Every structure is written in C-alpha cells, then in structure tokens.
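# Examination of the molecular architecture
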Amino acid sequence: GSWFSRGAKLKGKRVLVTAGGTMERLDPVRFLTNDSSGKMGFAIAEAAQLMGADVTLIAGRTTAAVPSGVNVIRVESAQEMLEAVTGRFADMDIVIKAAAVADYRAAQISGQKLKKTGEKLVLELERTVDILETLGQRKQHQFLVGFAAETDQVERYAMDKLRRKNCDLIVANDVAKDGAGFNGDTNIVQVYSSEGLVDSMPLLSKREVATRLLELIEARMNAAGG
Ligand code: CTP
Ligand code: CA
C-alpha cells in the first residue's frame, strides 16, 4: 500500500509483550533470577507501537530503559506474570513471550530473613507454571509467539517447544553465540513455524530483529485471513 499503511501495519491490533526476568523470592532480602535484560521484549514493544499497535508490556526484572509511551505493567514472580498475562489474553490479537520466566521457585518462601548456620544449606525448589503452555492451551483467535533460549541443538529444542506450547511461531536464539542472547544490543535468531524454519536472521540490532519479526507476524496473519 501507501507510505502510510506501510508505517501502520499493525494499526488496530492489540499486542501483548512480556519482557525481562522473573524474580523468585527466597526471603525478604533474597531472590533467584536470571540474566535477562528485557532489551528484546522492550524492542518488540517499541517497534509494535511504531507500527501502530495498541501495546501492553508486562515486564519482570529488567536493566534496560522502558520504551516511552508504552503501557507497562510490572510483575515480580512467574506466578504474578501468569496472572497478569492470562487476565488480558482474551482481548489480545498478538502475544509475544520474550520474558525469561523462572522454571523453578522456592518450595517455601521464608517470611523472615534466613539465618546462616554452621551447616550447608539445601534449597528445595518446585516447578512454576509454564505461562506460554497455558496460553497455547487456551488459544482461540490469538497469534502466539514464543522464544527459545538454547545453547545447543537449537532447531530440535525450538521445534519441540513450538509444538508443546502450541505457538504459531517460535524465535530461537543460541545464547552461547557471540552477539546473541541475553544482555547485548544485538541478536541472531531463527524463526520456526510448525512447517519448520521460516526466517534465519543475520546479526542484527534487537530493534531490527523486532521490526523484522513483527513484519513476519503481520504477513502470516494476513495470509491466514486475519
Ligand atoms: N516460558 C513461560 N513460562 C515458564 C517458562 C517459560 O511462559 N514458566 C516461556 C518463555 O517466555 C519463552 C518460552 O517459554 O517464550 C521458552 O522458554 P525457555 O526457557 O527457552 O524454554 P522452557 O520450556 O522453559 O525449557 P528449558 O528452559 O528447559 O529449555
Ligand atoms: Ca526455561
């Protein structure tokens, strides 16, 4: 279309993005978390907004600056993120789960600061709920996009996650590769659908990855008639 429609490809679309790492408390002064900076999810939220979408960003622990003008909801734990995301899912057109959600949390959260003893300490952890898998089970009209952080056998594990979590696309990154993954401003990703590899991006800024991913999502939604 025109220059205008090209710049507003996601106009009228409601997009939910999750970003950052969750924070799982052990006691009032300690928690478990991961290396996620939030940069990839923030770049997606910002790019979606520039493409005319109505964006909701649900963010855990992040070190990057929040994109301006985006509606941000802050959460701490995987459980809080689950509630924030599932509560808004029905209203969304596109959901992109870039957050690094903890797989485990403390089986017991201590209300008091844990005191050290002369003995070694063993922490008991229990599984968190898989948010993306929960969305995959409840999916109706939504276009669902997951991420997969891998250090080896990227295609195999990514395709596995795509199927298990009923995603429309999965964005895989080899976090062991230079220029990819958690903390930097660049990423190298492969995008898979149920038919296999659909895009293999070179080293790009997270902003460029975000735009190219959203254009791919838009094209696939259009091709599917919605
Ligand atoms: N994810 C989620 N809820 C969890 C764990 C993961 O929604 N409790 C989502 C992430 O946001 C990401 C996708 O699932 O979009 C894949 O996360 P990843 O950690 O790569 O995969 P897991 O399924 O957790 O498997 P593993 O960590 O064992 O590789
Ligand atoms: Ca995980």
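Here the structure is a predicted model, which is why all the values come from computation and not from measurement.

Basis of the calculations
Residues numbered from 1 in each chain as written. Chains lettered and ligands numbered in written order. Predicted model: local features only at pLDDT ≥ 70, side-chain atom pairs only at ≥ 80, totals over all residues. Heavy atoms only, no water. Helix = DSSP H or I, 4+ residues; strand = E, 2+ residues; numbered from the N terminus. Buried < 20%, exposed > 50% of the residue type's maximum accessible area, 1.4 Å probe, protein only. Polar contact = N/O pair within 3.5 Å; in protein donor to acceptor, adjacent residues only side chain to side chain. Contact = heavy atoms within 4.5 Å. Donors = N, O, S within 2.8 Å, 3.2 Å for Na, K, Ca; no water. Pairing = 2+ DSSP bridges. Axes fitted to C-alpha atoms, helices over the stretch in contact; angles between N-to-C directions. Near = heavy atom within 4 Å. Nonpolar A, V, L, I, M, F, W, Y, C, P; charged D, E, K, R; others polar. pLDDT = per-residue confidence, 0-100. UniProt positions renumbered as here; feature names shortened; annotations may be inferred. Parallel < 35°, antiparallel > 145°, perpendicular 65-115°, else oblique. Left-handed = near helix turned anticlockwise from the far one by under 90°.

### Structural notes on the side chain of Ser 37
- Looking at the secondary structure, you find Ser 37 in the loop between β3 (30-32) and α2 (39-50).
- On the accessibility criterion, Ser 37 (1% relative accessible area) is buried.
- Side-chain polar atoms of Ser 37 contact the backbone oxygen of Phe 182, separated by 3.1 Å.
- With sequence-adjacent residues up to four places away left out, Ser 37 is seen in contact with Thr 62, Thr 63, Ala 64, Phe 182, Asn 183 and Lys 206.

### A few points about the coordination of the calcium ion (ligand 2)
- Binding of the calcium ion (ligand 2) to the protein goes through Asp 103 (OD) and Asp 103 (OD), at separations of 2.4 to 2.7 Å.
- Mapped onto the secondary structure, Asp 103 falls in the loop between β6 (94-97) and β7 (104-106).

### Looking at the sheet that holds strand β12 (residues 189-193)
- Taken together, 8 strands build an open sheet; the order of strands is β5-β4-β1-β6-β9-β10-β12-β13 and the sheet is mixed. Two strands close off the open sheet at either side, each with one partner strand: β5 (71-74) and β13 (196-200). Pairs of neighbouring strands in the sheet enclose a mean axial angle of 20°, with direction left out of account.
- One ladder, built from 6 bridges, connects strand β9 (residues 143-150) with strand β10 (residues 169-174); its direction is parallel. Looking at the pairing, Phe 147 lines up with Val 171 of β10.

### Section: the site of ligand 1
- The local shell around ligand 1 holds 16 residues, among which Lys 97, Ala 99, Phe 147, Lys 161 and Lys 165 are the closest.
- Here an oxygen atom of ligand 1 sits 2.7 Å away from a polar atom, N or O, in the main chain of Lys 97.
- Listing elements by their share of the shell around ligand 1, those giving two or more residues are α4 (131-138) and β9.
- If one sorts the elements of the shell around ligand 1 by residue count, β9 sits on top with 4 residues.
- Across the shell around ligand 1, the residue classes break down as 9 nonpolar, 2 polar and 5 charged.

### Remarks on the confidence of the model for the chain
- Of the residues in the chain, 96% have a pLDDT of 70 or more, and the chain-wide mean is 94.
- Taken over the whole predicted complex, pTM reads 0.95, whereas the ipTM for its chain interfaces reads 0.99.

### Comments concerning the UniProt feature "binding site: CTP" (unreviewed entry) in the chain
- Within this structure's numbering, the places UniProt gives as "binding site: CTP" (unreviewed entry) are Asp 103, Lys 113, Phe 147, Lys 161 and Lys 165. In summary, the annotated positions, distributed over 63 residues, remain apart in three dimensions as well, the widest C-alpha pair reaching 37.3 Å.
- Here Lys 113 shows up in the loop between β7 and β8 (125-127).
- Lys 113 sits in the partly exposed class, given a relative accessible area of 45%.
- Here Lys 165 is to be found in the loop between α5 (154-164) and β10.

### Quick notes on the packing of helix α3 (residues 78-89) against α4
- For the pair α3 and α4, the least separation of the axes is 10 Å and the interaxial angle reads 20°. One way to sum up the angle between α3 and α4 is to call them roughly parallel. For the crossing formed where α3 meets α4, the hand is right-handed. Residues Ala 78, Met 81, Leu 82, Val 85, Thr 86 and Phe 89 of α3 form the contact with α4, whose own contacting residues are Ile 131, Thr 134, Leu 135 and Arg 138.
- Here the contact of α3 with α4 is built from residues that sort into 7 nonpolar, 2 polar and 1 charged.

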